[in-house]
Amino acid sequence: MGPATEELLAFPDTRAARLAGISMRRLRYWEQRQLVMPSIKRQLSPRNTVRLYGYQDLLALLVVSTLRTEREMSLQRIRRVVQYLQSCDYAAPLRELRFATFGKEIYFQHPDGSWEGDLRPDQIVLEKVLRLEPLQLRIERAARRSEKARGRVVSKRGVHASAPVFEGTRIRVSTVQDYLRHGFDTTAILNAFPDLDTADVRTAERMLSAAG
């Protein structure tokens, strides 16, 4: 996934929680504790707040989730490490540094290669380094549309006022139909909407023809 794609990627909170394998309640709690914050948080009404997690937010979320579930680290310990690293001028330590665990302890590696924590010379932690590559791959896979979603249209409550959108996206069918009405071909439409597939354009064409 290239830098341009990373900048465009954003998951709503429900999808972010599903990716990390945690409940919405836990996601909210981590937000309250300022462990993982969404890049975009806008209150549309007293009962409706939109939260969008960007690529780097998702990566930090997966680091915390992995430390909690797979490494069995306490949230208090993770928070203490994060707060310490922030005091060392790391703006986003969960995605800037390399982490490792030994028992119930967390260690982190600075950019100069040095490790910090309760590390003793006889302790080997490298086998339990928390590697970011698998976590990045999880985000990339989650961002891709499934084969079954291509060419399918759905309406979701709260998404574009429940207007029909292509499954797995927030792109309205009517938007693509407007392109078709103005003479744009399939290639031009796919260049404008990289998340779409040829099958989506064909579906928009069929629906446009059926509407008369």
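These numbers were taken from a predicted model, which means no experiment stands behind them.

K.L.:
What's the story with the environment of A16 in this structure? I'm lost.
P.N.:
Structurally, A16 is set in helix α2 (residues 13-20). For A16, a relative accessible area of 0% puts it in the buried group. Put simply, A16 and P38 are 22 residues apart on the chain and 9.7 Å apart in space, counted from C-alpha to C-alpha. Here A16 is in contact with F11, Y53, L58 and L61, once residues within four sequence places are set aside.

K.L.:
Help me out: how do you make sense of the packing of α2 against helix α7 (residues 132-143) in this one?
P.N.:
Two numbers describe a pair of packed helices, the interaxial angle and the distance between the axes. Contact pair α2 / α7: the axes reach a minimum separation of 11 Å and the direction vectors enclose 130°. In terms of orientation, α2 lies oblique with respect to α7. When the axes of α2 and α7 are compared, the crossing they make is right-handed. For the pair α2 and α7, the contacting residues are R15, L19 and A20 in the first and R138, I139, A142 and A143 in the second. Among the residues making up the contact of α2 with α7, the classes are represented as 5 nonpolar, no polar and 2 charged.

K.L.:
What should I look at first to understand the packing of aromatic side chains in this one?
P.N.:
To describe a pair of aromatic rings, one takes the distance between the centres and the angle between the planes. Enumeration over the complete set of coordinates arrives at 3 aromatic pairs. Measuring from ring centre to ring centre gives 6.1 Å for Y84 and F108, while their planes differ by 45°; the resulting arrangement is tilted. Highlighted residues: Y84 in helix α5 (residues 75-87) and F108 in strand β5 (residues 105-109), separated in sequence by 24 residues. By relative accessible area, which is 36% here, Y84 ends up partly exposed.

K.L.:
For this particular structure, what's the right way to read helix α8 (residues 173-181)?
P.N.:
The periodicity of an α-helix, 3.6 residues per turn, causes residues three or four positions apart to be oriented the same way. V173, V176, Q177 and L180 are the residues of α8 that are buried. In an axial view of α8, the angular spread of the buried residues amounts to 105°, which keeps them on one side of the axis. Each element contacted by the buried residues of α8 is listed here: β8 (153-154), β9 (165-166), α9 (186-192) and α10 (198-211). Phi turns positive one or two residues past the end of α8, at G183, with a value near 85°.

K.L.:
Would you mind showing me how to read the pattern of salt bridges here?
P.N.:
Opposite charge on two side chains allows them to pair when their charged atoms are near. On inspection of all chains with the given rule, the structure shows 7 salt bridges. Where R51 meets E31, a salt bridge forms, and the shortest distance between an N and an O atom there is 2.9 Å. Taken together, the residues R51 in strand β3 (residues 48-54) and E31 in helix α3 (residues 24-32) connect sequence positions 20 residues apart. Exposure remark for R51: the relative accessible area of 13% places this residue in the buried category. Across the salt bridge formed by R150 and D197, the nearest N and O atoms sit 3.8 Å from each other. Residue R150 is found in the loop between α7 and β8, and its partner D197 is found in the loop between α9 and α10; the two are separated by 47 residues along the sequence.

K.L.:
I would appreciate a short explanation of the sheet that holds strand β7 (residues 129-130) in the present structure.
P.N.:
Backbone hydrogen bonds hold the strands of a sheet together, and the pairing may be parallel or antiparallel. Read across the sheet, 4 strands follow the order β6-β5-β4-β7 without closing on themselves; strand pairing throughout is antiparallel. Pairing within the sheet leaves two strands with one partner each, and these edge strands are β6 (115-116) and β7. Bridging between strand β4 (residues 98-102) and β5 involves 5 bridges; their strand directions are antiparallel. Bridge pairing links R98 to Q109 in β5. Along the sheet, α5 makes contact with β4, β5 and β6, crossing β5 at roughly 25°.

K.L.:
What is the right way to look at the pairing of β3 in this model?
P.N.:
When a strand is regular, its side chains alternate between the sheet's two faces. Note: strand β1 (residues 10-12) against β3, 3 bridges, orientation antiparallel. Of the residues in β3, the one forming a bridge with F11 is Y53. Relative to β3, strand β2 (residues 40-45) is paired through 5 bridges, and the arrangement is antiparallel. The residue of β3 that forms the bridge with K41 is R51. In this antiparallel pair of consecutive strands, β2 and β3, the connection spans 2 residues.

K.L.:
Any chance you could explain the sheet that holds β2 here in plain terms?
P.N.:
Strand order in the open sheet formed by 3 strands is β1-β3-β2, with antiparallel pairing between adjacent strands. The sheet is open, and its two edges are formed by β1 and β2, each paired on a single side. Each adjacent strand pair in this sheet contributes to an overall mean axis angle of 25°, direction not counted. The strands touched by helix α4 (residues 55-69) within the sheet are β1 and β3, with β3 carrying the most contacts at an inclination of about 85°.

Definitions and cut-offs
- Residues numbered from 1 in each chain as written.
- Predicted model: local features only at pLDDT ≥ 70, side-chain atom pairs only at ≥ 80, totals over all residues.
- Heavy atoms only, no water.
- Helix = DSSP H or I, 4+ residues; strand = E, 2+ residues; numbered from the N terminus.
- Buried < 20%, exposed > 50% of the residue type's maximum accessible area, 1.4 Å probe, protein only.
- Contact = heavy atoms within 4.5 Å.
- Axes fitted to C-alpha atoms, helices over the stretch in contact; angles between N-to-C directions.
- Parallel < 35°, antiparallel > 145°, perpendicular 65-115°, else oblique.
- Left-handed = near helix turned anticlockwise from the far one by under 90°.
- Nonpolar A, V, L, I, M, F, W, Y, C, P; charged D, E, K, R; others polar.
- Phe/Tyr/Trp six-rings, centres within 6.5 Å; stacked < 30°, edge-to-face > 60°.
- Arc of directions from axis to C-beta.
- Salt bridge = Lys/Arg side-chain N within 4 Å of Asp/Glu carboxyl O.
- Pairing = 2+ DSSP bridges.

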